Amino acid sequence: MKHSNVAIFVPHNGCPHACTFCNQREITGQQYQPTAKDVEDAVRTARESLGDGTKSAEIAFFGGSFTAIDRSYMTELLEAASPYVHSGEFAGIRLSTRPDAIDREILDILKEHGVTSIELGAQSMSDKVLLMNRRGHTADDVRNASELIREYGFSLGLQMMTGMYGSDYDTDKQTAERLAELRPDTMRIYPTVVLKGTELYRLYISGEYEPQTVEQAVVLCAELLRYFEEKNIKVIRLGLHDSDSLRENMAAGAFHPAFRELCESEIMYRNALKELEEKNITSGSVEIHVNPSSLSKFIGQKRRNIKRLEEKGFSVSVRPDTLLSKYSISVSG
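We now turn to the structure provided with this report.

Definitions and cut-offs
- Residues numbered from 1 in each chain as written.
- Predicted model: local features only at pLDDT ≥ 70, side-chain atom pairs only at ≥ 80, totals over all residues.
- Heavy atoms only, no water.
- Phe/Tyr/Trp six-rings, centres within 6.5 Å; stacked < 30°, edge-to-face > 60°.
- Buried < 20%, exposed > 50% of the residue type's maximum accessible area, 1.4 Å probe, protein only.
- Helix = DSSP H or I, 4+ residues; strand = E, 2+ residues; numbered from the N terminus.
- Lys NZ or Arg CZ within 6 Å of the ring centre and 35° of its normal.
- Polar contact = N/O pair within 3.5 Å; in protein donor to acceptor, adjacent residues only side chain to side chain.
- Axes fitted to C-alpha atoms, helices over the stretch in contact; angles between N-to-C directions.
- Contact = heavy atoms within 4.5 Å.

## Things to note about the packing of aromatic side chains
Phase 1 of the analysis: Applying the stated criterion across every chain yields a total of 5 aromatic pairs.
Phase 2 of the analysis: The interplanar angle of 80° and the centroid separation of 6.4 Å between the aromatic rings of Tyr84 and Phe90 together place this pair among those described as edge-to-face.
Phase 3 of the analysis: For Phe90, a relative accessible area of 2% gives the class buried.
Phase 4 of the analysis: Aromatic pair Tyr165 and Tyr209: ring centres 6.2 Å apart, planes at 85°, arrangement edge-to-face. One end of the pair, Tyr165, is in the loop between strand 5 (155-162) and helix 7 (169-180); the other, Tyr209, is in the loop between helix 8 (199-206) and helix 9 (214-230), with 44 residues separating them in the sequence. There is no split in this pair, since Tyr165 and Tyr209 are both buried.
Phase 5 of the analysis: Its guanidinium or amino end placed over the ring of Tyr269, Arg308 lies 3.7 Å from that ring's centre, counting from NZ or CZ.

This is the structure in structure tokens:
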């Protein structure tokens, strides 16, 4: 059964830091602080839309630093959600928080209230990059919090960003490697977007920060996606969620509403080039076989991959092959 989240946003609440890139209200598109009643209303709406699917759904508190908010408010929200978990109607509670807002006392509270999954906004494993972006925590905080979360039996999710101020291609790849060593169950990868009203926007306007282009981010994130999948780590989000407020407040950066599809298309293009090279096919008519479910990804948006291959001297026809896996390519000349 497909997994779903009943998303409840707690925007920019509890975070004691102002990261260079952060304007949380614009990312979530919401400023209102939810109440216990809002949690109950969201659950009732999910019941109607999901039916029996609630048994595989998690009630999710996103958008802020959940374990850093006022303790009584945090408990109020958890107490509104936990009965639906303890009754078995929902699979659990998922939340996102900061690495330096995790300790044994907090984890005891979360366990008692039916929390099942905790995501940490690690963003980078370079202390230099974390400091330059005013994150207020270190790479060791990420490691220590991750170890505690796994010790308590929670599902661990980690979030990283690419193209941050002070970071580069190699640093981002090293971050991915260090995060994979922590054995998360899930990953989210967010290319940096410059939002108006942030310190990063000032750095961008002054010329001190040059954001990744979509193309640069696609090349890197395609590699990261394959890397995590090869480590059996599920990437559950690639790129920021599209919203009107994000589009209105975005000044620059690597945003595309179908960013994951661009990355998967890039993986398939590179696999095709590798197959052509291995078979010593340098030009002319070629048949490229892909899994039927991957046809559109291989062809690419606006036939991008076909056009790129044509520019290299190939005349391409694409055929479905159910025996091939998701990214696999078979080529015949």
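Still more ground to cover, so stick around.
## So, the side chain of Glu58
Phase 1 of the analysis: Take Glu58: it is sitting in strand 2 (residues 57-62).
Phase 2 of the analysis: A distance of 2.9 Å separates polar atoms of two side chains, one belonging to Glu58 and the other to Thr116.

## Observations regarding the packing of helix 3 (residues 71-86) against helix 4 (residues 104-112)
Geometrically, a packed helix pair is captured by the angle between its two axes and the distance between the axes.
Phase 1 of the analysis: Between helix 3 and helix 4, the least distance of the axes is 9 Å, while the angle of their chain directions is 35°. Side by side, helix 3 and helix 4 meet where Arg71, Met74, Leu78 and His86 of the first sit next to Glu105, Ile106, Ile109, Leu110 and Glu112 of the second.

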